[in-house]
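The primary structure of each chain is shown beneath.
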Amino acid sequence: MVYWNPRIEDMPVSELKEMQLKQLKMLVYKLYTFSPFYRQKMMDKGVTPEDIRTLADVTKLPFMTKKDLRDGYPDKLFLASPREVVRYHASSGTTGKPTIVGYTQNDIQNWSESVARGLVSAGISTDDVLQVSYTYGLFSGGLGLHYAAEKVGAAVVPASTGNTERQIDLIRDMGVTAIAATPSYLLHLGEVAEKMGVSIKNDTKLRLGILGAEPWSQRMRERMEEWLGIRAIDIYGASELSGPLWCECSEQKGIHVWSDIALVEVIDPVTEEPVAPGEKGELVITMLQKEALPIIRYRLGDITTLHEEVCSCGRTHPRIGRIQGRVDDMIIIRGINVFPSQVEHCLMTNPEVGNEFQIVVDRKGALDTILVRAELRPEAFGDRVFELDAIKERVTHKLRGSLNVGVTVELVEPGSLPRSEGKAKRVVDKRVF
Ligand code: DLL
């Protein structure tokens, strides 16, 4: 097994926890002493640095949400002085102002260290050519992967997003072996390649995808692996935490969250209590080393599971399962929670259905309606009308069974739904609240 940082990656769990506790105590002391924002939050909750005696005491600390960062726009929560800040990124603000994240030199180092460990665990080495097809710029994906891949010594093709035909030429001509992109962009790239007469599987050396920044399902992974001839690795992160940070190892059994970098909790979003290991809940992260923008108990709104057993790759750090949706992306249809990932998973079990879909939520009178538009595969599209009706009926039946809610299905022509270069927008909610 190849490790990037063997001293840390297979450290005994007890030693890791000891190290975490020291880091947590130092962090809380530092923030209580120097950060007016955190000091106030801790005082509101009646907690002082002396209250942190064990790792479980992290639950005594106050939560932090995106709202805190928005209210602190642009840099009220920064602890480093402007002279110490060496870079800024901003999160894709869907509502109102974006949130700005600052980095010191150490922050950049720790960030690329974290991703470098992940890339090596996924099988990237100096022999690889990695095309970074995440956007470069204020979005953290492009530069996050770029710095880490260079650290590992892979050759980077900084393609960013857009100009898909040129991206395909680059993959073929530069002998690209791995690509980092959103899963939806890789799907788009695969389709464009086919139109150009290029088979990613047969005509290129691509063998690994480092895919994340948006939800995707296990079924989608299986399809991409089969269709494109790659191993598809899940990578997770958020700009507030730094950017892309953690990914699966080649065992593909969950995303390794490095204990020296973060303390991970999974809580019940309603009771705010920790859920049992392996149970679904909301991800909460404390960043143990971040300097410019410290993060304590940040509620990401992402739904996942926590697994603390040592991975079969030998790494001792905890893992989180595939992100199963967002607390706030959850669509509530007549009181029933529906996650886009659930719809995707169900659609992908139908061989006639293509890879693109859209969920349109509307309201007729007092009743919420949900329409799922799914593209057919080109082979299925040519079928006779009665065959299409039968497919539609089957898909509708499966979706209703899986979501427990009435769904209308519309099967649409291949290539007719909007494609994305960044994060896919699968849900169109037309309801007025
Ligand atoms: O998306 C950072 C990133 C870049 C991650 C490249 C992975 C690869 P934000 O734009 O701040 O940062 O969005 C963060 O995206 O809270 C999740 O809801 C979602 N997300 C990120 N990775 C995954 C994933 C980047 N692997 C938000 N699966 C997070 C599902 C993901 N959702």
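Residues numbered from 1 in each chain as written. Predicted model: local features only at pLDDT ≥ 70, side-chain atom pairs only at ≥ 80, totals over all residues. Heavy atoms only, no water.

## Here's the deal with the pattern of salt bridges
So, point 1. Counted according to the given criterion, the structure contains 26 salt bridges.
So, point 2. The residue R319 makes a salt bridge to E309 at a minimum N-O spacing of 3.9 Å. One end of the pair, R319, is in strand β14 (residues 319-320); the other, E309, is in the loop between β13 (306-307) and β14, with ten residues separating them in the sequence. (Salt bridge = Lys/Arg side-chain N within 4 Å of Asp/Glu carboxyl O. Helix = DSSP H or I, 4+ residues; strand = E, 2+ residues; numbered from the N terminus.)

## Quick word on the site of the ligand
So, point 1. Neighbouring the ligand are 22 residues, the closest being D234, I235, S239, D302 and K423.
So, point 2. With respect to the ligand, the backbone of I235 contributes an N or O atom lying 2.7 Å from a nitrogen atom.
So, point 3. Between the ligand and R326, the relevant distance is 3.3 Å, taken from an oxygen atom to a side-chain nitrogen or oxygen of the residue.
So, point 4. Looking at the shell around the ligand, the elements with two or more residues in it are α6 (140-152), β7 (231-238) and β8 (243-247).
So, point 5. With five residues, the top contributor of residues to the shell around the ligand is β7.
So, point 6. Here the residues of the shell around the ligand sort into nine nonpolar, seven polar and six charged. (Near = heavy atom within 4 Å. Polar contact = N/O pair within 3.5 Å; in protein donor to acceptor, adjacent residues only side chain to side chain. Nonpolar A, V, L, I, M, F, W, Y, C, P; charged D, E, K, R; others polar.)

## A word on the environment of E248
So, point 1. Topologically, E248 is positioned in the loop between β8 and β9 (255-256).
So, point 2. For E248, a relative accessible area of 4% corresponds to the buried category.
So, point 3. For the pair E248 and Q167, spaced 81 residues apart in sequence, the C-alpha to C-alpha distance is 25 Å.
So, point 4. E248 has contacts with G118, S121, A122, R221, A232, I233, D234, K253, G254 and I255, leaving out every residue within four places of it along the chain.
So, point 5. Separated by 2.8 Å, the side chains of E248 and R221 make a polar contact.
So, point 6. In terms of polar contacts, E248 uses its side chain to reach the backbone amide nitrogen of D234, at 2.9 Å. (Buried < 20%, exposed > 50% of the residue type's maximum accessible area, 1.4 Å probe, protein only. Contact = heavy atoms within 4.5 Å.)

## Topic: the packing of aromatic side chains
So, point 1. Evaluation of the coordinates by the stated rule reveals four aromatic pairs.
So, point 2. Look at Y103 and W111: their rings are 5.1 Å apart centre to centre, the planes differ by 20°, and that puts the pair in the stacked class. A single burial state applies to Y103 and to W111, both of which are buried.
So, point 3. Lying across the ring of Y147, R87 places its NZ or CZ 4.6 Å from the centre.
So, point 4. Note that R322 overlies the ring of W216, its terminal NZ or CZ placed 4.7 Å from the centroid. (Phe/Tyr/Trp six-rings, centres within 6.5 Å; stacked < 30°, edge-to-face > 60°. Lys NZ or Arg CZ within 6 Å of the ring centre and 35° of its normal.)

## Some points on the state of the cysteines
So, point 1. Scanning the model with the defined rule gives zero disulfides in all.
So, point 2. You can see C249 has no disulfide; the closest cysteine sulfur is in C313, sitting 3.9 Å from it. (Disulfide = S-S within 2.5 Å.)

## Considering the domain arrangement of the chain
So, point 1. Its domain assignment divides the chain into domain 1 (1-327) and domain 2 (331-429).
So, point 2. With 23 residues of domain 1 at the contact, the number on the domain 2 side is 21 residues.
So, point 3. For the pair domain 1 and domain 2, the summed buried area comes to about 1800 Å², and 49% of that belongs to carbon and sulfur atoms.
So, point 4. Sorting the residues of domain 1 by area buried against domain 2 places R219, M220 and R223 first, and these three jointly supply 31% of that buried surface.
So, point 5. At the boundary of domain 1 with domain 2, the tally comes to one salt bridge.
So, point 6. As a salt-bridge pair, R419 and E191 come within 2.8 Å of each other at their nearest N and O atoms.
So, point 7. Put simply, domain 1 and domain 2 have 13 residue pairs in polar contact (both at pLDDT 80 or more) between them.
So, point 8. For the side of domain 1 that touches domain 2, the secondary-structure elements that each account for two or more residues are α8 (183-195) and α10 (218-228).
So, point 9. Counting residues per element, the side of domain 1 that touches domain 2 draws most heavily on α8, at five residues.
So, point 10. By residue class, the composition of the side of domain 1 that touches domain 2 is eight nonpolar, ten polar and five charged. (Domains from an automatic or database assignment. Buried area = accessible area lost by both parts, 1.4 Å probe.)

## Quick word on the sheet that holds β9
So, point 1. Across the sheet, three strands lie side by side as β9-β14-β13; this open sheet has antiparallel pairing. The open sheet terminates on both sides in strands that have one partner only, identified here as β9 and β13.
So, point 2. Where β9 and β14 come together, two bridges link them in antiparallel fashion. Looking across to β14, one finds that H256 is bridged to R319. (Pairing = 2+ DSSP bridges.)

## With respect to the packing of helix α2 (residues 13-34) against helix α3 (residues 36-44)
So, point 1. Across the interface, α2 lies against α3 with an axial gap of 6 Å and an inter-helix angle of 105°. Taken together, α2 and α3 sit at an angle that is classed as roughly perpendicular. In contact with V28, L31, Y32, T33 and F34 of α2, α3 contributes P36, Y38, R39, M42 and M43.
So, point 2. A per-class count over the contact of α2 with α3 returns eight nonpolar, one polar and one charged. (Axes fitted to C-alpha atoms, helices over the stretch in contact; angles between N-to-C directions. Parallel < 35°, antiparallel > 145°, perpendicular 65-115°, else oblique.)

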